[in-house]
Amino acid sequence: MFNKMNVPRIIRDSKYGAVALIDSGTFRYRGRVVHMSPFAIMTTEMTQKMFDETMRAEKDTLKQIKDRSSFKNPSKPVHNINWDNARATCKMLGGDLPTEAQWEFAGRADNNEGALWDIDENATVDDYAVYRNNSYKKGKKSEAFGPQMVASKKPNPWGIYDMSGNVAEWTRDKYFMISFWVESS
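The structure displayed is predicted, hence computed values, not measured ones.

Draft legend 1. Quick look at the nonpolar core. In this structure, I22, M36, F39, I41, F105, A106 and I160 are the most contacted members of the largest nonpolar core, which totals 16 residues. The element that contributes the greatest number of residues to this core is helix α3 (residues 100-108), accounting for 4 residues. Other than its neighbours up to four places away in sequence, F39 contacts A20, L21, I22, Q102, F105 and A106.

Structure follows, in structure tokens:
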């Protein structure tokens with residue numbers, strides 16, 4: 001089960017939305033221990049509304065990025081964005097993309113079992129994730145087709161949503177599958 005002692009503090013900010021302040025810690029990955037420093041991460045994917053507000057606030061029109069999301073809704077995550085533009089948008093807000101290790105640590109919520117949600121005999125993937133079966137398989141005429149509004153499923157134990165499914169997530173580690181240092185357990 002999850003270690004509830006390390007639950008991050010969540011702050012609400014008019015510019016960034018809800019942000020989890022995550023303390024240092026460790027997790028196991030492929031038989032090794034990964035050590036993490038403290039960091040902050042948004043509790044949801046970036047919405048199209050936040051993306052549009054960020055671009056409108058950018059005075060340099062050459063730095064403004066067009067929203068190419070194909071499933072339009074202010075509460076849905078921005079998607080169809082490349083890595084360079086995703087990172088530039090985060091930097092406009094004064095932050096950066098999370099590293100692969102930060103994303104993994106936040107997603108696991110201090111759980112070394114590798115699960116991205118509470119391990120509960122009654123929990124189903126539909127409770128926590130938007131994926132093919134509850135999205136694209138519904139057909140184009142269904143409201144459930146495509147990405148769903150952020151935070152439409154249950155959060156992980158740290159209050160972070162959509163860590164599994166909905167849209168693909170970019171991490172700062174652009175070219176490597178796993179790009180953080182680990183040591184033997």
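From this point, the narrative continues.
Draft legend 2. Structural detail: the environment of F39. Following the sequence through the fold, F39 ends up in strand β5 (residues 39-42). Once the C-alpha coordinates of F39 and D23 are considered, the two residues, 16 residues apart in sequence, prove to be 6.7 Å apart.

Draft legend 3. Geometry of helix α2 (residues 83-92). When α2 is considered as a whole, its buried residues turn out to be W83, A86, T89 and C90. Down the axis of α2, the smallest arc covering the buried residues is 130 degrees, so these residues share one side. The elements touched by buried residues of α2 are α1 (48-57). If you check the start of α2, you find a side-chain oxygen 3.2 Å away from the backbone N of D84, and it comes from N82. Downstream of α2 by one or two residues, G94 has phi in the positive range, about 90 degrees.

Draft legend 4. Quick peek at the pattern of salt bridges. Applying the stated criterion across every chain yields a total of 4 salt bridges. Between D96 and R172 there is a salt bridge, and its shortest N-O distance comes to 3.4 Å. Of this pair, D96 sits in the loop between α2 and α3 while R172 sits in the loop between α4 (125-128) and β6 (183-184), and the two are 76 residues apart along the sequence. Exposure remark for R172: the relative accessible area of 31% places this residue in the partly exposed category. For R108, the salt bridge is made with E104, and the minimal N-O distance between the two is 2.7 Å. With R108 and E104 both in helix α3 and 4 residues apart, the pair spans about one turn of that helix. With respect to class, R108 is no different from E104; both count as buried.

Draft legend 5. Just the packing of aromatic side chains, in detail. This structure, assessed with the given rule, holds 6 aromatic pairs. Seen in terms of ring centroids, F71 and Y136 are 6.3 Å apart; in terms of plane orientation they differ by 80 degrees. Their pairing is edge-to-face. Here F71, found in the loop between α1 and α2, pairs with Y136, found in the loop between α4 and β6; they are 65 residues apart in sequence, far enough to count as distant. Since its relative accessible area comes to 22%, F71 is described here as partly exposed. Ring centres of F71 and F145 lie 5.7 Å apart, and the angle between their planes is 55 degrees; on these two criteria the pair is classed as tilted. A residue pair is termed long-range when its members are at least 10 positions apart, and F71 in the loop between α1 and α2 and F145 in the loop between α4 and β6 qualify at 74 residues. Note on F145: relative accessible area 15%, which makes it buried.

Draft legend 6. A look at the sheet that holds strand β1 (residues 9-13). What the 3 strands build is an open sheet, ordered β1-β2-β5; its pairing is antiparallel. A single partner strand is all that each edge strand has here, and the edge strands are β1 and β5. Between one strand axis and the next, the sheet turns through 30 degrees on average, direction left out of account. With 4 bridges joining them, strand β2 (residues 17-22) and β5 adopt antiparallel strand pairing. Within the sheet, the bridge partner assigned to A20 lies in β5 and is I41. Its contacts with the sheet put α3 on β2 and β5, and the angle it makes with β5 is roughly 70 degrees.

About the criteria used
- Residues numbered from 1 in each chain as written.
- Predicted model: local features only at pLDDT ≥ 70, side-chain atom pairs only at ≥ 80, totals over all residues.
- Heavy atoms only, no water.
- Core = buried A, V, L, I, M, F, W, Y, C linked by side-chain atoms within 4.5 Å.
- Buried < 20%, exposed > 50% of the residue type's maximum accessible area, 1.4 Å probe, protein only.
- Helix = DSSP H or I, 4+ residues; strand = E, 2+ residues; numbered from the N terminus.
- Contact = heavy atoms within 4.5 Å.
- Arc of directions from axis to C-beta.
- Polar contact = N/O pair within 3.5 Å; in protein donor to acceptor, adjacent residues only side chain to side chain.
- Salt bridge = Lys/Arg side-chain N within 4 Å of Asp/Glu carboxyl O.
- Phe/Tyr/Trp six-rings, centres within 6.5 Å; stacked < 30°, edge-to-face > 60°.
- Pairing = 2+ DSSP bridges.
- Axes fitted to C-alpha atoms, helices over the stretch in contact; angles between N-to-C directions.

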